[in-house]
Amino acid sequence: MFSRKRAIRELRKDQQAATELLQALPEMPLPQDPATTAGSATGGPAASEPAAQVDDFLPPDLRVPSRDELAGMMMRYDKPLVIDGEVRSCPQCGAYRDWVLLSVRDEVWLRCRAGHETLEPRLDPAWYNRNSGPMDRWHPTLEDGLKHLGH
Ligand SMILES: [Zn+2]
């Protein structure tokens, strides 16, 4: 025969077991939670994604200077342009002075008064920089720059 006390004790035991089970159960997900947090702490991947975005960011950064280069630099070069001891003249109209020199990317272009543009492979940005003054102005367009330079 079960005494009432004993029955209650059994019940409590069952309850305790159930409670332990319940307590254990939430802990099952718990290790998973840290795992998922660790996974997102591997957010490492998440962190490397922003890093990848930073990597993606670099090219645009690099593009900024190259976009400036694309816009190019220009200067007037009124005197005859002597390259390798030879006066450079426009292959299209024969003009040999009143140039606008354009430094675009790694190239230097000659632009005569008539607007003919000729690539001058013997000149490079280093030469351009040696011969140009400091950039004092930024022109939104080539035309604007040319106008400013009187072309
Ligand atoms: Zn010309």
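Look up: the structure comes first, before these words.
About the criteria used
- Residues numbered from 1 in each chain as written.
- Predicted model: local features only at pLDDT ≥ 70, side-chain atom pairs only at ≥ 80, totals over all residues.
- Heavy atoms only, no water.
- Pairing = 2+ DSSP bridges.
- Helix = DSSP H or I, 4+ residues; strand = E, 2+ residues; numbered from the N terminus.
- Axes fitted to C-alpha atoms, helices over the stretch in contact; angles between N-to-C directions.
- Donors = N, O, S within 2.8 Å, 3.2 Å for Na, K, Ca; no water.
- Tetrahedral: all angles 85-135°; square planar, octahedral: opposite > 155°, others 65-115°.
- Buried < 20%, exposed > 50% of the residue type's maximum accessible area, 1.4 Å probe, protein only.
- Core = buried A, V, L, I, M, F, W, Y, C linked by side-chain atoms within 4.5 Å.
- Contact = heavy atoms within 4.5 Å.

Asker: I would appreciate a short explanation of the sheet that holds strand 5 (residues 107-111) in the present structure.
Answerer: The pairing of strands in a sheet comes from backbone hydrogen bonds and takes either a parallel or an antiparallel form. Strand order in the open sheet formed by 4 strands is 1-4-5-6, and the pairing between neighbours is antiparallel. Both outer strands of the open sheet, strand 1 (73-77) and strand 6 (117-119), are each paired with one neighbouring strand and no more. Recorded for the sheet is a direction-independent mean angle of 25° between the axes of neighbouring strands. When strand 1 meets strand 4 (residues 99-104), the two strands line up antiparallel, connected through 5 bridges.

Asker: Whenever I open this one, the coordination of the zinc ion confuses me. Can you help?
Answerer: Each pair of donors in an ideal four-coordinate tetrahedral metal site encloses 109.5 degrees, whereas pairs in an ideal six-coordinate octahedral site enclose 90 or 180 degrees. In this structure, C90 (SG), C93 (SG), C112 (SG) and H116 (ND1) serve as the protein donors to the zinc ion, at separations of 2.0 to 2.3 Å. One can describe the donor arrangement at the zinc ion as tetrahedral, given that its 4 donor atoms subtend angles of 105 to 119° at the metal. The exposure class assigned to C90 is buried, which follows from its relative accessible area of 2%.

Asker: Just to check I follow, could you spell out the nonpolar core for this structure?
Answerer: Judged by nonpolar contacts, the single largest core of 13 residues is most densely connected at Y77, L81, W99, L101, L123 and W127. Of all the elements in the fold, those that place two or more residues in this core are strand 1, strand 2 (81-83), strand 4, strand 5 and helix 4 (125-131). Setting aside residues up to four positions removed in sequence, L101 forms contacts with M73, M74, M75, Y77, L81, W109, L110, W127 and Y128. With 6 residues, the next largest nonpolar core counts M74, V100, L102 and L149 among its residues.

Asker: Looking at this model, I keep getting lost on the pairing of strand 4. Mind explaining?
Answerer: Consecutive side chains of a regular strand alternate in pointing toward one face of the sheet and then the other. In terms of burial, strand 4 is a largely internal element, 6 of the 6 residues being buried. Hairpin geometry of strand 4 and strand 5 is characterised by an intervening segment of 2 residues between the two adjacent antiparallel strands and by a positive phi of about 50° at R105.

Any link to function would need more than the numbers given here.
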